[in-house]
Amino acid sequence: MKNPYEILGIREGASEDEIKKAYREQVKKYHPDQYQDNPLSSLAEEKLKELNEAYDYLMKNASPRKESASYNNSRSWNNQGDNDFFNQVRVHVNSGNVKVAEDMLNGYSNRTAPWYYLKGLIFMRKGWYDEAYSHMQTAVNMDPSNFEYRNALNKMNTANNNYRGNAYNRGYNRGGPDLCTVCQCLWCSDCCCECGGGDLIGCC
Amino acid sequence: MFGYILPEKPEMKIKEYELFRAYYCGVCKSLGRRSGQLKRFLLNYDSAFLAVLLSAVSGDTPVVKQETCIAHPIVKRYVVKNNGIVDYASDINVLLAYYNLEDDKQDEGTFISHAGTVLLRRTFKKLKRKYPAKCDIIESRLNELHKLEKEVCTSMDMAAEPFAKLMEEVTAYEPLCKDKKINDILRWIGYNLGKWIYILDAYDDIEDDIKDKSYNPLVSQFDYANEAEAGFKERIRDRVEFNLTCSLDQIAKAFELLEVKNNVGILENIIYMGMLRKTEKILGIGSCRKVEKSV
């Protein structure tokens, strides 16, 4: 096992609160929801397992773990109402056999809402986001009451918000003047100085 | 189509900025040393990013020296030296530049593209012997791209596929890809980089392509009907932004799985901010509307 402190990204001998905080942050980052329909989802699961092990290890000496292993990775599908065919396709999508699932769907002529939904999932895995979005949209339009479809569509939108949120947290566009404003200020100051007989920027 | 991958300089630490430039200078010097001085004009920031990324994955600390060069003959700058990854990035730079010129030659037949391919031919042949498998894949992807362009493909996903796969191939640097996990992650980063570049470039070129009546995946997907170009761009902006952000989100997620120890600050800066900035600039939704070409 690797150094559990390193896995959680904290210094050795960190307090229980620090461990918990780091664990929560890391779990959020690698949570299956974040990597749903992502070809690297199994790697994220591996990472999560590693985090859980590290956390368990560190907590064993301090106090019994209260959160329990609530972040387990198995996701059950809502099978109600779907016929066997679509369930089979789902199994293939979940186990990563995207090509098989895609061939099955392409050969199936009854294009109902679940067909579009599953096709959307496959496109997402392949990285065809535009097609994925329009297929999900079609699934939702055909069956507006289905929570699963609506949820998938919403998730695509929130994934993008997450990315942006991450950028803003790192300082993107946050406060302070941007470069254009800085240039403008410099140029204005230069003009003022020149009017007053001095010069701020020698070359202009 | 190149030079979109830039850092967000104002948010960089000075040391990160210096190191990024050291990689950039390293690629430039490697170009000059191994492919001939003239090829240094082909340098772009994308290959510096490739060098920074692969070097981070390899985990080796780069050897940095202070040197002068033609462009900066007096003040010495930091340069990453004797680095196999930097050499690889410079080879890829030349290869892609050659294919790009070849492409221009076939499409427009400008003087520069003719002269360029002639000048590059010898270096290209050398590189083709060095990376026969990679070159074969790149060429077959480019043929697919040509075919889709000729057929006036009406799906941006389908049209972007060959270029995305090409970038996937380029990013999968063989010595690092023996590890299956790293291979999968690097390939997914490369795929999404290619996708992002292709769609961003398509949006950037809308006016020119309409004027020249050349193929543009966005123009054909969204049924451009002799409307004002600005109006058309406005109409499709949200959809294009969605697609570009999807790719960036996937790059970020894949990067988080890499567990790199070197160059983390630079890579996070480029992935989370530099590429978002570029996206917003080209879509015209950022604070600076004008697109800057260099750092």
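Throughout this description, residue numbers start from 1 for each chain and increase along the sequence as written. Throughout, the order in which chains and ligands are written sets their labels, letters from A for the former and numbers from 1 for the latter. Residues qualify for local features only when their pLDDT is at least 70, as the model is predicted, and side-chain atom pairs are given and counted only at 80 or more; totals for whole chains, interfaces and linings, by contrast, use all residues.

Asks: Could you clarify how one ought to interpret the packing of helix 4 (residues 84–94) of chain A against helix 6 (residues 113–126) of chain A in this entry?
Replies: The relative placement of two packed helices comes down to the angle between their axes together with the axis-to-axis distance. Residue and element names in this part refer to chain A. Packing of helix 4 against helix 6 leaves a shortest axis separation of 11 Å and a crossing angle of 10°. Considered as vectors, helix 4 and helix 6 are oriented roughly parallel to each other. For the pair helix 4 and helix 6, the contacting residues are Phe86, Val89, Arg90 and Val93 in the first and Pro114, Leu118, Leu121 and Ile122 in the second. Any residue that is not Ala, Val, Leu, Ile, Met, Phe, Trp, Tyr, Cys, Pro, Asp, Glu, Lys or Arg is counted as polar, Gly included; the first ten are nonpolar and the last four charged. Taken together, the residues of the contact of helix 4 with helix 6 break down into 7 nonpolar, no polar and 1 charged. Only the stretch in contact is used when fitting a helix axis, every axis being a line fitted to C-alpha atoms; angles between N-to-C directions are given from 0 to 180 degrees. Working definition: helices are DSSP H or I runs of at least four residues, strands are E runs of at least two. Numbering for both runs from the N terminus. If an angle is under 35 degrees, it is roughly parallel; if it is over 145, roughly antiparallel; if it lies from 65 to 115, roughly perpendicular; otherwise it is oblique. Any pair of residues counts as being in contact when their C-beta atoms, constructed from backbone geometry, are within 7 Å of one another.

Asks: Whenever I open this one, the packing of helix 2 (residues 45–58) of chain B against helix 11 (residues 264–283) of chain B confuses me. Can you help?
Replies: Residue and element names in this part refer to chain B. Running from N to C, helix 2 and helix 11 point in directions that differ by 130°, and their axes come no closer than 10 Å. One finds that helix 2 runs oblique with respect to helix 11. The way helix 2 lies across helix 11 gives a crossing that is left-handed. Residues Phe49, Val52, Leu53 and Ala56 of helix 2 form the contact with helix 11, whose own contacting residues are Ile266, Leu267 and Ile270. Crossings are sorted by hand: turned counterclockwise from the far helix by less than a right angle, the near helix makes the crossing left-handed, and turned clockwise it makes it right-handed.

Asks: For this particular structure, what's the right way to read helix 6 (residues 156–171) of chain B?
Replies: Three or four residues apart is the spacing at which side chains of an α-helix point the same way, because the helix has 3.6 residues per turn. Residue and element names in this part refer to chain B. The end-to-end C-alpha distance of helix 6 is 22 Å, a good match for the 22 Å that 16 residues give at a rise of 1.5 Å each. At Pro162, helix 6 shows its largest kink, close to 35°. Buried means a residue has 20 or more other C-beta atoms within 10 Å of its own C-beta, exposed means 12 or fewer, and partly exposed covers the counts in between; C-beta atoms are placed from the backbone. By the criterion of burial, helix 6 is predominantly enclosed, with 15 of the 16 residues buried. Multiplying one less than the number of residues by 1.5 Å gives the expected span of a helix. Two axes enter the bend calculation: one fitted to the seven residues ending at the residue in question, the other to the seven starting there, and the bend is the angle between them.

Asks: Help me out: how do you make sense of the confidence of the model for chain A in this one?
Replies: Caution is warranted with low-pLDDT regions, since their predicted coordinates should not be read in detail. All names here are of chain A. Summary of the metric used: pLDDT quantifies the predictor's per-residue confidence within the range 0 to 100. Summarising the model, chain A shows a mean pLDDT of 78, and 74% of its residues fall at 70 or more. Helix 9 (residues 179–195) is the least confidently modelled element of chain A, averaging 54 in pLDDT, while helix 7 (residues 129–142) averages 94, the highest of any element. Contacts for the low-pLDDT stretch residues 63–81, under 50 throughout, to residues beyond four places or in other chains number 14 contacts.

Asks: Sorry, what's going on with the nonpolar core here?
Replies: In globular proteins that are soluble, nonpolar side chains generally tend to be buried together. Residues and elements named next belong to chain B. Each nonpolar core reported here comprises buried Ala, Val, Leu, Ile, Met, Phe, Trp, Tyr and Cys residues connected via C-beta atoms within 7 Å. Counting 127 residues, the largest nonpolar core has Tyr23, Val27, Ala51, Val52 and Ile199 as its most contacted members. The leading source of residues in this core is helix 7 (residues 180–204), at 13 residues. Apart from the residues lying within four places of it in its own chain, the contact partners of Val52 are Phe20, Tyr23, Asn263, Ile266 and Leu267.

Asks: Sorry, what's going on with the environment of Arg90 of chain A here?
Replies: Summarising the element assignment, Arg90 of chain A is placed in helix 4. Expressed as a C-alpha distance, the spacing of Arg90 of chain A and Leu118 of chain A, which sit 28 residues apart in the sequence, is 7.2 Å.

Asks: Is there a simple way to think about the interface of chain B and chain A in this case?
Replies: Accessible area lost when the parts come together is the quantity often used to give the size of an interface. Opposite the 32 residues of chain B that make contact, chain A presents 27 residues. Among the secondary structure elements, those contributing two or more residues to the side of chain B that touches chain A are helix 6, helix 7, helix 10 (229–256) and helix 11 of chain B. Sorting elements by how many residues they give to the side of chain B that touches chain A places helix 10 of chain B first, with 11 residues. In terms of residue class, the side of chain B that touches chain A is made up of 16 nonpolar, 6 polar and 10 charged.

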